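# Structural description and commentary
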Amino acid sequence: MKTVDWETVRLFLHVLAASVWVGGQLTLVAIVPALRAVGSTATTVAARAFTRFAWPAFGVLVLTGIWNVAALPDEPASYEHTLTLKYVLVVLSGVTAYAHQRATSRSALAWSGALTGLFALGALFVGVWLAQ
Ligand code: HEM
């Protein structure tokens, strides 16, 4: 058996938090039609419950992300450029998620929700790309 070390723990926590932030958003989108059938407030109640779980996960992503960066050996410029792209996608994912949480109109809810999902998927993709 391979040994479990701090790198294992670090990447486990990072990927676990990513599965909540990204997977949670996708799951919420998938169940919205069923929630709407339950009642007009069901979607809001479910979304609020998700945010109470999602933002701590985002916090774990940022903390374990900083730990990831601190644990990196010297990397070529191409890696640094990819990491910078990741930073931009993570910040945009957080900002649009906050805008989505504050949105009051249906159109603002729609575009901010779509963008936060896209940026979260982008951060996930670039994360795997970095780890290759
Ligand atoms: C929406 C937020 C984020 C998502 C969805 C995400 C997702 C991921 C995923 C899936 C991996 C691949 C893990 C593996 O296969 O080993 C990864 C790796 C990585 N992430 Fe993130 N991450 C996020 C935020 C961050 C942040 C904020 C930072 C830096 C401050 C960061 C830095 C890194 C680094 C350096 C790696 C490569 C780790 C290694 O190869 O040892 N991530 N990320």
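See the structure above.
From a predicted model like this one, the values you see are computed outputs, not experimental measurements.

The subject of this paragraph is the overall build of the protein. Summing up its helical and strand segments, the protein has 4 helices and 0 strands in all. Ordered by position in the sequence, the α and β elements of the protein form the string α-α-α-α. Its C-alpha atoms give the protein principal-axis dimensions of roughly 50 × 35 × 20 Å. By the burial criterion, 32% of the 132 residues in the protein qualify as buried. For the protein, the proportion of contacts with a sequence separation of at least 24, taken over those separated by at least 6, is 74%. Counting only carbon and sulfur atoms, one obtains 72% of the accessible surface of the protein, whose full area is about 8,800 Å². Side chains of the protein give 8 positive and 5 negative charges; the mean places of these two sets differ by 27 Å.

Residues Trp6, Phe12, Leu13, Leu16, Val60 and Trp67 make up a contiguous nonpolar surface patch of roughly 600 Å² in combined accessible area. Listing elements by their share of the nonpolar patch, those giving two or more residues are α1 (6–38) and α2 (42–70). In terms of residue count, the dominant contributor to the nonpolar patch is α1 (4 residues). Note that Leu16 resides in helix α1. Under the relative-accessibility criterion, Leu16 is labelled partly exposed at 42%.

Okay, the coordination of the iron atom of the ligand next. The coordination sphere of the iron atom of the ligand contains the protein donors His14 (NE2) and Lys86 (NZ), at a distance range of 1.7 to 2.1 Å. Metal-centred angles of 86 to 178° between the 6 donor atoms at the iron atom of the ligand mark the site as octahedral. Of this pair, His14 sits in helix α1 while Lys86 sits in helix α3 (residues 77–102), and the two are 72 residues apart along the sequence. Across the pair, exposure class does not vary: His14 and Lys86 are buried alike.

The next point concerns the site of the ligand. Close to the ligand lie 23 residues, the nearest being His14, Gly65, Asn68, Lys86 and Gly127. Those elements that provide at least two residues to the shell around the ligand are α1, α2, α3 and α4 (106–131). At 7 residues, the largest contribution of residues to the shell around the ligand is made by α1. Looking at the shell around the ligand residue by residue, the class counts come to 17 nonpolar, 4 polar and 2 charged.

Over its 33 residues, α1 extends 45 Å from the first C-alpha to the last, a length consistent with the 48 Å expected when each residue adds 1.5 Å. Bending of α1 peaks at approximately 45° at the position of Val32, with proline Pro33 no more than four residues after it. Looking at the buried positions of α1, the neighbouring elements they touch are α2, α3 and α4. Backbone nitrogen of Glu7 and a side-chain oxygen of the N-cap are separated by 3.2 Å at the start of α1; the cap is Asp5.

What counts and what doesn't
- Residues numbered from 1 in each chain as written.
- Predicted model: local features only at pLDDT ≥ 70, side-chain atom pairs only at ≥ 80, totals over all residues.
- Heavy atoms only, no water.
- Helix = DSSP H or I, 4+ residues; strand = E, 2+ residues; numbered from the N terminus.
- Buried < 20%, exposed > 50% of the residue type's maximum accessible area, 1.4 Å probe, protein only.
- Contact = heavy atoms within 4.5 Å.
- Areas by Shrake-Rupley, 256 points an atom, 1.4 Å probe, with all protein chains shown as cover.
- Lys, Arg positive; Asp, Glu negative; His and termini not counted.
- Charge placed at Lys NZ, Arg CZ, Asp CG, Glu CD.
- Patch = residues over 30% accessible without salt bridge, like charges linked within 9 Å, V, L, I, M, F, W, Y side chains within 5 Å.
- Salt bridge = Lys/Arg side-chain N within 4 Å of Asp/Glu carboxyl O.
- Donors = N, O, S within 2.8 Å, 3.2 Å for Na, K, Ca; no water.
- Tetrahedral: all angles 85-135°; square planar, octahedral: opposite > 155°, others 65-115°.
- Near = heavy atom within 4 Å.
- Nonpolar A, V, L, I, M, F, W, Y, C, P; charged D, E, K, R; others polar.
- Expected span 1.5 Å × (residues − 1).
- Bend = angle between axes of the 7 residues up to and from the residue.
- Polar contact = N/O pair within 3.5 Å; in protein donor to acceptor, adjacent residues only side chain to side chain.

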